[in-house]
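Residue-level listing of the chains:
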Amino acid sequence: VKAAKEHVIPGDLNKVLENKVMETVLDLYHVKVSVLEMTCSGDADSEGIVSKSVSSHSDLIPRVYEGGLKIWECTFDLMDYFSEAKIQFTNKTVLDLGCGAGLLGIVALKGKAERVHFQDYNSTVIEEITLPNVVANCVNEGTNGKDRKASKPLAKRPRKTEGSPDVLTKCRFFSGEWSEVSQLLLNSNKPFSKYDIILTSETIYNPDYYSALHDTLAQLLDKNGCVYLASKVHYFGVGGGIYLFQKFIEERNVFRTSIIKTIDQGLQRCIMEMAFKDSR
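Just so it is clear, the model here is predicted, and its values are computed rather than measured. (Residues numbered from 1 in each chain as written. Predicted model: local features only at pLDDT ≥ 70, side-chain atom pairs only at ≥ 80, totals over all residues. Heavy atoms only, no water.)

## Some points on the environment of Gln-183
Defined as follows: Helix and strand definitions follow DSSP, with helices as H or I runs of at least four residues and strands as E runs of at least two, each counted in order from the N terminus. For every residue, the accessible area obtained with a 1.4 Å probe (protein chains only) is divided by the maximum for its type, and the residue is called buried under 20%, exposed over 50%, and partly exposed between those limits.
Note on placement: Gln-183 falls in helix H7 (residues 178-186). Judged by its relative accessible area of 36%, Gln-183 is partly exposed. Separated by 37 residues in sequence, Gln-183 and Leu-220 place their C-alpha atoms 9.8 Å apart.

## Re the packing of helix H4 (residues 73-85) against helix H5 (residues 103-110)
Selection rule: Inter-axis angles, ranging from 0 to 180 degrees, are taken between N-to-C directions of lines fitted to C-alpha atoms, where helices are fitted over the stretch in contact. An angle below 35 degrees is treated as roughly parallel, one above 145 as roughly antiparallel, one from 65 to 115 as roughly perpendicular, and anything else as oblique. For any pair of crossing helices, the crossing counts as left-handed if the nearer helix is rotated counterclockwise from the farther one by less than a right angle, and right-handed if it is rotated clockwise. Working rule for contacts: check all heavy atoms of both residues, and any pair within 4.5 Å makes them a contact.
Look at H4 against H5: their axes get within 10 Å of each other, and the N-to-C directions meet at 20°. If you check the angle between H4 and H5, you find them roughly parallel. Here H4 and H5 pass one another in a crossing that is right-handed. Contacts from Thr-75, Phe-76, Leu-78, Met-79 and Phe-82 of H4 reach H5 at Leu-103, Leu-104 and Val-107.

## Focus on H5
For an α-helix the count is 3.6 residues per turn, leaving residues at separations of three or four pointing the same way. The element H5 is extensively covered by neighbouring structure, given that 6 of its 8 residues are classed as buried. If you check which residues of H5 are buried, you get Leu-103, Leu-104, Gly-105, Ile-106, Ala-108 and Leu-109.

## Concerning the packing of aromatic side chains
Rules: We call Phe, Tyr and Trp rings a pair once their centres come within 6.5 Å, taking the six-membered ring for Trp, and we label the pair stacked below 30 degrees between planes, edge-to-face above 60, and tilted otherwise. Charge over a ring is defined by NZ of Lys or CZ of Arg lying within 6 Å of the ring centre and within 35 degrees of the ring normal.
In total, this model carries 10 aromatic pairs according to the counting rule given. Judged by centre distance (5.2 Å) and plane angle (85°), the rings of Phe-82 and Phe-89 are edge-to-face. Residues Phe-82 and Phe-89 agree in their burial class; the two are buried. Their ring planes at 70° and their centres at 5.5 Å tell us that Phe-192 and Tyr-195 sit as a pair that is edge-to-face. Ring pairing ties together the aromatic residues Tyr-81, Phe-82, Phe-89 and Tyr-228, which thus form one cluster. Across the ring face of Trp-72, the terminal group of Lys-70 is positioned such that the distance to the ring centre comes to 4.4 Å.

This is the structure in C-alpha cells:
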C-alpha cells in the first residue's frame, strides 16, 4: 500500500520552476518531460520512477509508476468537453484525481473554482510536474494585468514568478493510493468538505483498481456532486475500459452513470458523468 502524503507548497515559488523547461498545449504550460527525464535524479526522483520509466520504455509499471509523466489523450477530450458544454467551475470545490500534469485541475482553477486539490500515485509527479505546472499557469499571470501570451516560444525556461501566489491558497497536493488519500482527508484535523466536482482521466485501465476508485469517489464526492471521467473504450493488455467500469458501477448501485460524449477518432473514447443515485 502506497501511503498518502500531502505535499507542502514551497515558500519560494521560483524554486518550483528552477531548471524546468516548459512547452504549451491548448494555451496551457506544462513541464517538458523529455528534459525532465534527462535532469531529474537523486532526491528529486526518490521513487526512481523517472529512471524506471525511461529504462523500461513503459508508461505503466503497476504499483511503481502509474503513467503520470505523460499527458494522456482523454485529458484533452475532457478539456474540450468543458468548453463545449460550458461547464462552470465558479465557486466549486474540485478534485483532479490521478492528476498527472494537473491540466484538468488547472482548467478548474482558471475557471474560478473555490478550491482545487490534486492527487497522483507518485510523489515525484506531484513535485516535479503537477506543482510546477500550476505555478507556471496560474501564479505567473499575477494581478498586474501582464498575462503571458500564448505565442510565447515553446521549450523556454519560465520567467520568475511575478504575480500573486494567492491562487495556491486554493490548492492542496497529495500523493499515494486513492484509499490512503481518502483516509488522510477524512481523518485530518484540517477542515474538509466533500467535492462538488471530481475530474479523472484514463484511470480505469486496470479492473483491479475499480473497487478502490469506486469507494474513493463514494467517500469524497458531495451528495449532490458529479464526476467527469474520460476513458478509452478498451485498454488492450490490461483489460479495462469504459463499459466494463460502467457495468461495475451499476452493480454497486451507488451511482447513476451516463455516457455524455463519444469520440470516434482513432481508438474510440468516451466521457462519462456520474452522480449519486439519490442526488438531486
